[in-house]
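Take a look at the letters that make up each chain.
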Amino acid sequence: MQKKWWHNAIGYQIYPKSFQDTNGDGIGDIPGIIEHLDDLEELGINMIWLCPVNKSPMADHGYDISDYDEIDPMFGTLDDMKRLIKEADKRGIRVLMDLVVNHTSSEHEWFQKALEDPDGRYGKYYIIREGKDGKEPNNWRSIFGGSAWERIGDTDKYYLHLFTKWQPDLNWENKEVREEIYAMINRWLDMGLGGFRIDAISHLKKDFTYENLPADGVDGYVNGFPYFRNVKGIETFLNELKKETFLPHDAFTLAEADDVAPEDLEDFIGEDGYFSSIFDFCHTRYHVNHPKWKDRPVEMINDLRDALFQKQEYVNGRGFLCNFLDNHDTSRSAERFIPREDIGYYSMSALGSVNFFFPGIVFLYQGQAAGMLDYRKKSIDEFRDPTTFNMYRGYLQEGMTEEQALEKLNVESREHARTPMQWNAQENAGFTDGTPWFAVNPNYKEINLEAEKGKEESLYHWYRKMIALRKSDEYSELFIYGSLIPVYEKTDGVIAYEREYQGRCVLVICNLKAAPQELPFGWNVKKILLSNHKDVNIEKEKICLRGYETVIADIEK
Ligand code: TEU
Ligand code: CA
């Protein structure tokens, strides 16, 4: 395998709106990111991904871009962006932008022109179809709820939007669209950008056979994923995209590519794959799908373990998945997997290591190393996300009471991890001198980065130590190229594995149960590398793990 700088990169996702405000308007900005580069360097980060900062009317918080070549004034200027790239580079940190090319904003110039003349040149940039019997062309449900089609004025034409109606889908079948996009990508890469996180890439190709299927919900619509997710033929677009842009720049790419079939993984992330790495979401949805989600039973940990190991088995060393627990589209992982009464340093540090030493790339989300948690809302009006509002309407339609719907959203909403970054115990957690665009979690006086840094046993130090170990001269090759061997696979609440490389072996054991567990132990420990407690209890032939204890050891098999 050809070695690349990013093989052992530690990534950090920034939600710019909520990271650091520097001009008192209550909205995080690019100068705010520059201010914290030293913090990120100290943590050991060498790659940052910024959620979209391009010009946008912000209908979906920037995932609706109206000008790909501009920075939204809310975040700063193009010069700020160039300065960020330069300052990051000085600290060995590469910058990734978010590439949102499945759709544009409805305010993008192309779409405005398409509306004026749906049959003209720009109409062909989007997916516009005639309605059927005065209704939408078909009954696909948008991923964000409601119909996936929106009528154009009082015509009988509709445009497709897999996300909100303010995010019309681009027509990738049109070569002219593809060429515009490639040229835009190359302009950014020429500026010295490290690469991109690529949004919703599995949806580029649509199956135009448009079958009207029986509705699968009370809204009368149907889940159209088989027609617009990883549809056959997408490989032609993905190959071309890579060849025309990323490849000549040797750019790093991390695609949001959900549910790629095991047999296609090599095409996606193999040595000559379309992308350097992908996000898979197999492990992020239990909190809503599990029948007993309210209690976070230990079976959820077992399911998490099985899903994580299964995905790694599919990849089987052929490429690099991205290992993450938190992002801007989900509640904080501790809230999803740990019973509420147990949430704290031990449980969160143990959870943080379950996939940290896996083959692949590690990505942390802002606030994760500061121990940030969800802020439960008391009213629907406190949310800011269009999808959350759609979900709320849907739940009421299904017959839930307002309280029941709110309770569900307090777990499910995509917005929980988007509250402002908690830097310190000062007003507004040090995020802004103004009024924050989205309420700061009132727990900031206790939970904030400065407080974490000051404690001996803290998540911040835990992550910093884990990062240092992953990157250390002695072990980095093992963590990059070593094989993954699951152990204790049938033990309730335990996620454990060996990493083996050239005759050396590291063992990672995480007990995700509140209760202690005594496990048989047949290895010779050469050295304890890390433990989230003060000491480790290994006796002859057994290890006694405390509740939520993690041990990482160099072993002899
Ligand atoms: O999310 C895409 C998204 O909603 C996926 O999780 C989706 O469920 C998946 O593609 C189905 O296969 C991204 C961004 O992360 C999100 O914040 C944006 O709102 C969205 O795209 C639209 O740009
Ligand atoms: Ca600002």
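Reading the values: rules and limits
- Residues numbered from 1 in each chain as written.
- Chains lettered and ligands numbered in written order.
- Predicted model: local features only at pLDDT ≥ 70, side-chain atom pairs only at ≥ 80, totals over all residues.
- UniProt positions renumbered as here; feature names shortened; annotations may be inferred.
- Helix = DSSP H or I, 4+ residues; strand = E, 2+ residues; numbered from the N terminus.
- Rg over C-alpha atoms; globule rule 2.2 N^0.38 Å.
- Buried ≥ 20, exposed ≤ 12 C-beta atoms within 10 Å, placed from the backbone.
- Contact = placed C-beta atoms within 7 Å.
- Pairing = 2+ DSSP bridges.
- Axes fitted to C-alpha atoms, helices over the stretch in contact; angles between N-to-C directions.
- Left-handed = near helix turned anticlockwise from the far one by under 90°.

The name an unreviewed UniProt entry gives the protein chain is Alpha-amylase, with Mediterraneibacter catenae as the organism. Under Catalytic activity (unreviewed entry), UniProt gives the following word-for-word description of the protein chain: "Endohydrolysis of (1->4)-alpha-D-glucosidic linkages in polysaccharides containing three or more (1->4)-alpha-linked D-glucose units." Per its UniProt entry, the protein chain bears the Sequence similarities (unreviewed entry) comment "Belongs to the glycosyl hydrolase 13 family."

Enquirer: Can you break down the overall build of the protein chain residue by residue, with the values?
Expert: Across its full length, the protein chain holds 17 helices and 23 strands. Scaling as 2.2 N^0.38, a compact globule of 557 residues should have a C-alpha radius of gyration of about 24 Å, and the protein chain matches this with 24 Å. Each of the three principal axes of the protein chain carries a C-alpha extent, and together these read 80 × 55 × 50 Å. In the protein chain, buried positions account for 48% of the 557 residues. Restricting to contacts in the protein chain with at least 6 residues of sequence separation, those with at least 24 account for 66%.

Enquirer: Which residues make up the sheet that holds strand 5 (residues 94–99), and what values go with them?
Expert: The eight strands lie next to each other as 1-2-5-10-12-13-14-15, forming a closed barrel whose pairing is parallel. Looking at each pair of strands side by side, their axes are set apart by 25° on average, direction ignored. Of the strand pairs in this sheet, strand 10 (residues 195–198) and strand 12 (residues 252–256) are connected by four bridges, and their pairing is parallel. Paired with I198 across the bridge in strand 12 is A255.

Enquirer: Can you lay out the pairing of strand 2 (residues 47–50) for me, pointing to particular residues and giving the numbers?
Expert: Across the two faces of strand 2 the burial is the same, with M47 and W49 and I48 and L50 all buried. Sheet topology places strand 1 (residues 10–14) next to strand 2; four bridges connect them, and they run parallel. Considered in strand 2, the bridge of G11 is made with M47. Two strands pair when backbone bridges link them, and strand 2 and strand 5 are joined in this way by three bridges, in the parallel orientation. Across the sheet, M47 pairs through a bridge with R94, a residue of strand 5.

Enquirer: Before we move on, can you summarise the packing of helix 13 (residues 386–398) against helix 14 (residues 402–412) with the specific residues and values?
Expert: Between helix 13 and helix 14, whose axes approach to 10 Å, the crossing angle comes to 145°. Viewed along their axes, helix 13 and helix 14 form a crossing whose handedness is right-handed. Listed contacts from helix 14 to T388, M391, Y392, Y395 and L396 of helix 13 are A405, K408, L409 and E412.

Enquirer: Talk me through the sheet that holds strand 8 (residues 149–151); I want residue IDs and the actual numbers.
Expert: Strand order in the open sheet made by the three strands is 6-9-8, with antiparallel pairing throughout. The sheet is open, and its two borders are formed by strand 6 (128–130) and strand 8, each paired with just one other strand. Looking at each pair of strands side by side, their axes are set apart by 35° on average, direction ignored. Relative to strand 9 (residues 157–160), strand 8 runs antiparallel, the two sharing three bridges. Each residue of the ladder has a partner; that of E150, found in strand 9, is Y159.

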